[in-house]
Every structure is written in structure tokens, then in C-alpha cells.
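# Coordinates in review
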Amino acid sequence: MPEFEVAIVTGAASGIGRALSVHYAQRGVRTVIGTFPGDPHDPEETLRRVKDAGGAGVIHEVDVRSTESVDAFARRAVDEYGRLDYAVANAGILRNAPLHELFDERWNDMLDVDLTGVLRTLRAGAAHMSEGGSMVAVSSIAGGVYGWEEHAHYAAAKAGVLGLVRSVAVELGPRQVRANAVIPGLIETPQSLDPVNSLGPEGLERAGRDIPWGRVGRPEEVAEVIGFLTSPAANYVTGQALVVDGGLTVK
Ligand code: NAD
């Protein structure tokens, strides 16, 4: 076992990515905290929470729309800590668009972040991993089992993530490097709290009452599952997608 493990997490200035950085800190995993240039969220707050949890990390600006930027992000882990064990493709955007307005530009912008951004992250991560390396991509129930009006481009990107992960898992299996996905349901984060592109605070509260668990999820509840999937406890789990939705989609 190495003295410590090292992770890269995209979109870690907020939401699930921030919660995951803190989870890793609690486990002694050092994290390169990916922050998006111009992000309204504060990556310093993520780092402060990582340190409060007794962990270590560094902030690194990364735009998943750029191969060069993502490659430099993955390299930062090796430059800073000498190794890379876990890569989490968490960054994502959510925009609504009815089908009759879903023209190429909007479609391509969405896929560039939510699908190709995942490819760039897994590809860059895998390049630095050796046996025991593990990757997780964040999909969505909209990409697997749940239709959502005015979100066809988001759903298509998130469905693509599931296929991507399965094939990557098969390809990297012989290297003993794993790839899995999580499929969050409704989780209270800046993304879902946006009343324009998602449900907003009141919509979330209402939707939560219909979920068997009685409420929407917390980012920490997704982070724990990503943490498990990347950990050695899931050593023989690869190519899978785990739904984290409080029972929303089995109701
Ligand atoms: P969030 O908005 O807090 O996090 C998304 C992060 O991605 C932000 O920090 C943002 O700055 C970053 N980002 C956006 N564009 C980027 C780019 N080009 N390069 C790098 N980073 C970029 O919301 P979240 O809910 O924590 O989202 C995390 C992931 O979970 C996303 O992939 C999202 O689609 C997925 N998800 C969320 C929910 C939910 O209910 N919140 C449900 C299913 C899936």
C-alpha cells in the first residue's frame, strides 16, 4: 500500500465534487481539486473543508472542454504527489431546451462538457494509473432510467457516459484499472437549486415528498458511493453503474 492515495476530481468547487473532496480528506486521500475558471463557487472553501477534515489537497483550474487543460490537470497529481490512483469525472452542466430549440450549438455545447469532458478526464487519468487505479464518471437518472422533458441533450450525454464507462472498463481490466459510474437522482446542489434549468428550491422540496426516502439526496450521500467505488473495497467491481436516488426510480 502507498503511504497515501491521490485523486483528481473535476467540478470540485461545489456540490458533489466538493463533498467528495472532503470524503477523500477523511480517508487520507489527497485530492487535486478541479475548479472551473469563472466558476461562481469558491474552491478555497472546498480546500478549507478538506483541511478541516485533516486532509491535504491543491486547487487546480481545469476546463473539461479542453484536452490540453484536462491533461495538465491529471499531470498535476503526479507533479504534486508523485502518483494518481483515482480519477472522478464529476464536472457537468445542466441546461434546458425544448426539442424545437435544440439546435446544433446547444447540443454540441452540452456534449462537449457532459460527455466528451468525461472521456477527456478518464483518458488523462488512465494514462497515469497503474494497477489498482480506479475511475468514476457521474451520470444521471436522466441518462439511464428517467425521461425528462426539455433535457434531451443532457439525457443523451449522460446516457453516453454509461456506455463509455462500460467499454473503458473492459479495455482497462487487464491493467487492473477499474471504471464505474454513479447515477444520482435528485441531489440538492447548486445545479438542482437553479430554478431556470432545474427544479429550484421549491421544486426540489416538492419532488422530495414523492421520493420513497421522503427527501432529495445530499451531495455527501453521492460522494460516499463514489468513494466506495474508487476504493479497494470495490476491487472486483468494474463497468457498473450504481443508482443513488432514495428509491425515486424504483417507485
Ligand atoms: P454543481 O453545479 O455544484 O457542480 C458541477 C461543477 O461542474 C461545478 O463546480 C462547475 O463549475 C463545474 N463545471 C461546469 N462546466 C465545467 C467545465 N467546462 N470544466 C470544468 N468544470 C466545469 O452541481 P452537482 O450537482 O454537484 O454536479 C455534479 C455532477 O452531478 C454533474 O455531472 C451533474 O450533472 C451530476 N448530477 C447532479 C444531479 C443533481 O441532482 N444535483 C443529478 C444527477 C447528476
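Described below are features of the structure shown in this document.

Cut-offs applied
- Residues numbered from 1 in each chain as written.
- Predicted model: local features only at pLDDT ≥ 70, side-chain atom pairs only at ≥ 80, totals over all residues.
- Heavy atoms only, no water.
- Helix = DSSP H or I, 4+ residues; strand = E, 2+ residues; numbered from the N terminus.
- Rg over C-alpha atoms; globule rule 2.2 N^0.38 Å.
- Buried < 20%, exposed > 50% of the residue type's maximum accessible area, 1.4 Å probe, protein only.
- Contact = heavy atoms within 4.5 Å.
- Salt bridge = Lys/Arg side-chain N within 4 Å of Asp/Glu carboxyl O.
- Pairing = 2+ DSSP bridges.
- Axes fitted to C-alpha atoms, helices over the stretch in contact; angles between N-to-C directions.
- 1 Å grid on protein atoms, 1.4 Å probe; cavity = no way out; pocket = protein on both sides within 12 Å on 5 of 7 lines; lining within 4 Å.
- Points joined across faces, edges and corners; volume = space filled by probe spheres on them.
- Phe/Tyr/Trp six-rings, centres within 6.5 Å; stacked < 30°, edge-to-face > 60°.
- Lys NZ or Arg CZ within 6 Å of the ring centre and 35° of its normal.
- Core = buried A, V, L, I, M, F, W, Y, C linked by side-chain atoms within 4.5 Å.

On a plain count of helices and strands, the chain comes out with nine helices and seven strands. Taking 2.2 N^0.38 as the reference for a compact globule, 251 residues should give roughly 18 Å; the C-alpha atoms of the chain span a radius of gyration of 17 Å, in line with that estimate. With the C-alpha coordinates aligned to their principal axes, the bounding extent of the chain is approximately 50 × 35 × 35 Å. The buried share of the chain, reckoned over its 251 residues, is 52%. Considering only intrachain contacts with a sequence separation of at least 6, the fraction spanning at least 24 residues in the chain is 75%.

The subject of this paragraph is the pattern of salt bridges. Across all of its chains, the model carries 10 salt bridges by this definition. Its salt-bridge partner being Arg76, residue Glu80 comes within 3.0 Å of it at the nearest N-O pair. One end of the pair, Glu80, and the other, Arg76, are both in helix α3 (residues 67-81), four residues apart, so they sit about a helical turn from each other. Given a relative accessible area of 25%, Arg76 falls into the partly exposed group. Among the charged side chains, a network of salt bridges with common partners joins Glu45, Arg48, Arg49 and Asp52.

So, on to the sheet that holds strand β2 (residues 30-35). Spatial strand order, β3-β2-β1-β4-β5-β6-β7: seven strands in an open sheet with parallel pairing. If you trace the sheet from one side to the other, it starts and ends with β3 (57-61) and β7 (241-244), each paired once. If you compare each strand with its neighbour and ignore which way they point, the axes differ by 20 degrees on average. With four bridges connecting them, strand β4 (residues 86-89) and strand β5 (residues 134-138) associate as parallel partners. Residue pairing in the sheet places Ala87 in a bridge with Met135 of β5. Here helix α5 (residues 116-127) sits on the sheet in contact with β1 (6-9), β4 and β5, set at roughly 175 degrees to β4. Along the sheet, helix α7 (residues 152-172) makes contact with β5, β6 (178-184) and β7, crossing β6 at roughly 160 degrees.

A few words now on the layout of surface pockets. One number sums up the size of the largest pocket: a volume of about 1200 Å³. When residues of the lining of the largest pocket are assigned to their parent elements, the largest contribution, three residues, is made by helix α4 (residues 104-114).

Remark: the centre distance and the inter-plane angle together describe each pair of aromatic rings, the angle taken between the planes. Under the definition given, this model contains three aromatic pairs. Taken together, a centroid distance of 6.1 Å and an interplanar angle of 80 degrees make the contact between Phe4 and Tyr81 edge-to-face. With a gap of 77 residues between them, Phe4 in the segment before β1 and Tyr81 in helix α3 connect regions that are remote in the sequence. Both residues of the pair, Phe4 and Tyr81, count as buried. Ring centres of Trp148 and Tyr154 lie 6.3 Å apart, and the angle between their planes is 80 degrees; on these two criteria the pair is classed as edge-to-face. Here Arg30 stacks its cationic end above the ring of Phe4, 3.7 Å away from the centre of that ring.

So, about the nonpolar core. In terms of nonpolar packing, the biggest core is built from 42 residues, with Ile8, Val32, Val118, Met135, Val165 and Leu186 touching the most fellow members. Elements represented by at least two residues in this core include exactly β1, α3, β4, α5, β5, α7, β6 and α8 (200-209). Here this core takes seven residues from α7, the largest share from any one element. If sequence neighbours within four positions are ignored, Leu186 has contacts with Leu199, Leu204, Ala207, Ile211, Val216, Gly217 and Leu248. The next biggest cluster of nonpolar side chains, apart from the first, holds 24 residues, and it includes Val9, Ala12, Ala19 and Ile187.

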